[in-house]
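Listed here are the chains, written in short residue letters.
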Amino acid sequence: MSLRKFFPNNFDFFELFEKHAGYAVEAATTFKEIARTGEIDLNLYSKIRSIEHEGDEITHLILSQLNKTFITPFDREDIYNLAKELDDIIDMFNTITNQIRIYKIKNVDSTLVEFADIIEESAKSVQIAITCLRDVKHHESIMRCCVEINRLENVGDAMRDKALAELFEKEKDPIGIIKWKDIYTDAETILDICEDVAHIIETILVKQT
Amino acid sequence: MSLRKFFPNNFDFFELFEKHAGYAVEAATTFKEIARTGEIDLNLYSKIRSIEHEGDEITHLILSQLNKTFITPFDREDIYNLAKELDDIIDMFNTITNQIRIYKIKNVDSTLVEFADIIEESAKSVQIAITCLRDVKHHESIMRCCVEINRLENVGDAMRDKALAELFEKEKDPIGIIKWKDIYTDAETILDICEDVAHIIETILVKQT
Amino acid sequence: MSLRKFFPNNFDFFELFEKHAGYAVEAATTFKEIARTGEIDLNLYSKIRSIEHEGDEITHLILSQLNKTFITPFDREDIYNLAKELDDIIDMFNTITNQIRIYKIKNVDSTLVEFADIIEESAKSVQIAITCLRDVKHHESIMRCCVEINRLENVGDAMRDKALAELFEKEKDPIGIIKWKDIYTDAETILDICEDVAHIIETILVKQT
């Protein structure tokens, strides 16, 4: 059973959310390139910035349509929160990329590469879960994605703790500590926000069943 | 057409929000004085603190009236969010002033002076937008303020990035980096919260038209 | 007059919230032990972690029941916010304990001991207020708890400011400053979140009277 036919308004929230999640994955993939290069070339940096602008626009579009639309495919507050959190994910890619640029990071760090892999996996699970939201029959696939996103957040948590412990153990330059502490912390924050998205999606499912 | 006559409750939310925004501007102007002096004299410090207390009281008044009032001039959640964000703006002035005091900052920093100017401009735009909320016919003036607040946030973003890049380039004392990184970051956060206020105001407008 | 008889659903939100607040107090007491020892032994660390998991489960239970329950003892958004904030309190104990572990803190710090005392007092007031929520006749006891939680937050604010001022004055090692700045800031954040809980509880009371 498709939910869409019950919400015959011209405005397709699902389509917008799919686009939004697509931008998150695109940002994650670009961030992986940056982590693997260990340095920001201006092309990758401006790519992240342009993805962020696209994300801003789609957030704005979702929220303004939300305020104009009487019947929505799921609870208004869930639409609002979902758009906000997807926007936050994309913003965090901009923040962390910006830090790498401002801090003039110029070496590949294997932990950051690992982080970038995990983050891309999580963003892809977010995308699948959101694409499946169109149809209640995908309930189980969505739940699997949410479980996976939660798992990846736990992996990221442990990764950040290990990275910080090593940083404080090995790095003798306080300015290096300041820089990498920010970067590892923000990398983990992206996974936290993906988990927030998973929670919102679970909320939407609970209400539908 | 005035919205007020449709909401003939004794309690005037508009008046309270105007007062609230007035405190935000007062805090911004005091912060500008602090930035220009490059040092906190106790009078300015206690002035920020007393503005914060007034702000707390008015937030409390708005929220408790909100819970007691059946008919409100705009959506309850928007009133709630607007009061919270205005409170957050004023709190951030207290936070940043407190940092300048605790970190014993004692020199004029031209970037912070520039920040203080931009912040005051943004707070004044917030005040104008809120004052105009009383009457739908001010729709365009409000939108102009929101656009301006967004513009100032972008200016602040670039300003913070430039300030941090210079800080990490020139400052050799890690403790100096810790202090000024906090101050620049918090200065930019004030502009972020002003932008959040602009978004709430846009939401209110969208619903009314 | 008991509120419960008006909400004869099988699901007892009050009981869950009491349990949730109980975990917050347990975490606070464990944190006090850690602060007094000035070092983390693995037992205390894993105790905090297991409390956090219990807290996560109860949060999840409250939110999923909220989505399934039509009639709730107080406003849905207040139930949602209360569960979220209690969860945040317990998470912060995990965060700060984790920092002490990662930063390899190994000395008793009298300020942190004082903080731990204040935090435990605040968590206990949160617990009493929540336990009293079952019955409107406890209105005054609840209000006394909320006033106390607000007072303790102010005490904590001043304590953090004093601790940071001393840290920046006396500590010459920037890495030590980075570590203790985090710890003091997070200790104060726990009191902030307790204050957020008090605000939600006041909101619930205002709506009932």
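As annotated in an unreviewed UniProt entry, chain A carries the name Pit accessory protein and is attributed to candidate division TA06 bacterium ADurb.Bin131. Its UniProt record gives chain A the following Sequence similarities (unreviewed entry) comment, quoted word for word: "Belongs to the UPF0111 family."

Further remarks concern the relation of the copies chain C and chain B. Each copy of the sequence occupies a distinct position, and chain C is placed on chain B by a rotation of 120° and an axial shift of 0.0 Å, giving an RMSD of 0.0 Å. Given the turn and translation reported, the copies of this chain are related as if by a three-fold rotation axis. Residue proline 174 of chain C of chain C places its C-alpha closer to the rotation axis than any other residue of that unit, at 3.6 Å. Little of the interface of chain C is mirrored in chain B: 12% of its interface residues are interface residues there too.

It is worth spelling out the interface of chain A and chain B at this point. At the interface, 14 residues of chain A touch 16 residues of chain B. In this assembly, chain A packs against chain B so that about 1200 Å² is buried in total across both faces, 62% of it on carbon and sulfur atoms. Taken together, the links from chain A to chain B amount to three salt bridges. Salt-bridge contacts for lysine 181 of chain B lead to aspartate 182 of chain A; the nearest nitrogen and oxygen are separated by 2.8 Å. Joining chain A to chain B, the criterion identifies three residue pairs in polar contact (both at pLDDT 80 or more).

For the rest of this paragraph, the subject is the interface of chain C and chain B. Counting from both sides, the interface comprises 16 residues of chain C and, opposite them, 14 residues of chain B. Taking both sides of the interface into account, the surface hidden between chain C and chain B amounts to around 1200 Å²; carbon and sulfur atoms contribute 62%. If you sort the residues of chain C by the area they bury against chain B, Asp161, Phe168 and Val206 of chain C come out on top, with a joint share of 38%. Linking chain C with chain B are three salt bridges, by the criterion used here. Our enumeration of links across chain C and chain B arrives at three residue pairs in polar contact (both at pLDDT 80 or more). For the side of chain C that touches chain B, the secondary structure elements donating two or more residues are α5 (139-170) and α6 (174-208) of chain C.

Let's shift gears to the relation of the copies chain A and chain B. Under the fitted operation, chain A is carried onto chain B by 0.0 Å of movement along the axis and a turn of 120°, and the coordinates agree to an RMSD of 0.0 Å. Of the interface residues in chain A, just 14% have counterparts in chain B that sit at the interface too, so the contact is made through distinct surfaces.

The full count for this structure, using the stated rule, is 15 aromatic pairs over all chains. Residues tryptophan 180 of chain A and tyrosine 184 of chain A carry aromatic rings whose centres are separated by 5.4 Å and whose planes lie at 40° to one another, so their mutual orientation is tilted. Taken together, the residues tryptophan 180 of chain A and tyrosine 184 of chain A, both in helix α6 (residues 174-208) and four residues apart, mark about one turn of the helix. We note that tryptophan 180 of chain A, like tyrosine 184 of chain A, is buried. Geometrically, the ring pair formed by phenylalanine 31 of chain C and phenylalanine 93 of chain C is tilted, given 5.9 Å between the ring centres and 55° between the ring planes. Of this pair, phenylalanine 31 of chain C sits in helix α1 (residues 13-37) while phenylalanine 93 of chain C sits in helix α3 (residues 76-102), placing them 62 residues apart in sequence. For the residue pair phenylalanine 31 of chain C and phenylalanine 93 of chain C, the accessibility class agrees, reading buried in each case. Feature note: the residues Phe14, Phe17 and Phe74 of chain A constitute an aromatic cluster, connected by ring pairs.

Turning our attention to the packing of helix α1 (residues 13-37) of chain B against helix α3 (residues 76-102) of chain B. Residue and element names in this part refer to chain B. Between α1 and α3, whose axes approach to 10 Å, the crossing angle comes to 20°. By the angle class used here, α1 and α3 are roughly parallel. Two packed elements cross with a definite hand, and for α1 against α3 that hand is left-handed. The segment α1 lies against α3, with Phe13, Phe17, His20, Ala21, Tyr23, Ala24, Ala27, Ala28, Phe31 and Ile34 engaging Ile79, Leu82, Ala83, Leu86, Asp87, Ile89, Ile90, Phe93, Ile96, Thr97 and Ile100. Its residues assigned to classes, the contact of α1 with α3 comprises 18 nonpolar, two polar and one charged.

Another point: the environment of threonine 131 of chain A. Residue and element names in this part refer to chain A. By the element assignment, threonine 131 lies in helix α4 (residues 110-132). For the pair formed by threonine 131 and lysine 19, sequence separation is 112 residues and the distance between their alpha carbons is 9.4 Å. A polar contact of 2.7 Å, which involves the side chain of threonine 131, links it to the backbone oxygen of glutamine 127.

The rules behind these values
- Starting from 1, residues in each chain are numbered consecutively following that chain's sequence as written.
- Both sets of labels track the order of writing: A upward for chains, 1 upward for ligands.
- In keeping with the predicted nature of the model, local features appear solely for residues at pLDDT of at least 70, side-chain atom pairs appear and are counted solely at 80 or more, and the whole-chain, interface and lining totals rest on all residues.
- With hydrogens and water excluded, all non-hydrogen atoms of the structure serve as input to the side-chain values.
- UniProt positions are given in the numbering used here, feature names are shortened, and annotations may be inferred rather than shown by experiment.
- Superposition of the copies was done by least squares, using only C-alpha atoms of residues whose pLDDT is at least 70 in both.
- Here, residues are in contact when the closest pair of their heavy atoms is within 4.5 Å.
- As a working definition, buried area equals the accessible area (1.4 Å probe) given up by two parts on being put together, with both sides summed.
- The salt bridge criterion pairs a side-chain nitrogen of Lys or Arg with a carboxyl oxygen of Asp or Glu, the two atoms within 4 Å.
- Pairing of N or O atoms within 3.5 Å defines a polar contact, subject to two protein rules: one partner must be a possible hydrogen donor and the other a possible acceptor, and residues neighboring in sequence count only if both atoms are side-chain atoms.
- Each helix is a run of H or I in the DSSP string that is no shorter than four residues. Each strand is a run of E no shorter than two, and both are numbered from the N terminus.
- Only centres within 6.5 Å qualify two rings of Phe, Tyr or Trp (six-membered ring in Trp) as a pair; their planes then separate them into stacked at under 30 degrees, edge-to-face at over 60, and tilted for everything else.
- For the exposure calls, accessible area comes from a 1.4 Å probe over protein chains only, and a residue counts as buried if that area is under 20% of its type's maximum, exposed if over 50%, partly exposed in between.
- To obtain each axis, a line is fitted to C-alpha atoms, and for helices this fit is confined to the stretch in contact; angles are then taken between N-to-C directions over 0 to 180 degrees.
- For classification purposes, an angle smaller than 35 degrees is called roughly parallel, one larger than 145 roughly antiparallel, one from 65 to 115 roughly perpendicular, and anything else oblique.
- Crossing handedness is defined as follows: a turn of the near helix away from the far one that is anticlockwise and smaller than a right angle gives a left-handed crossing, while the clockwise case is right-handed.
- Put simply, Ala, Val, Leu, Ile, Met, Phe, Trp, Tyr, Cys and Pro go in the nonpolar bin, Asp, Glu, Lys and Arg in the charged bin, and everything else, Gly too, in the polar bin.

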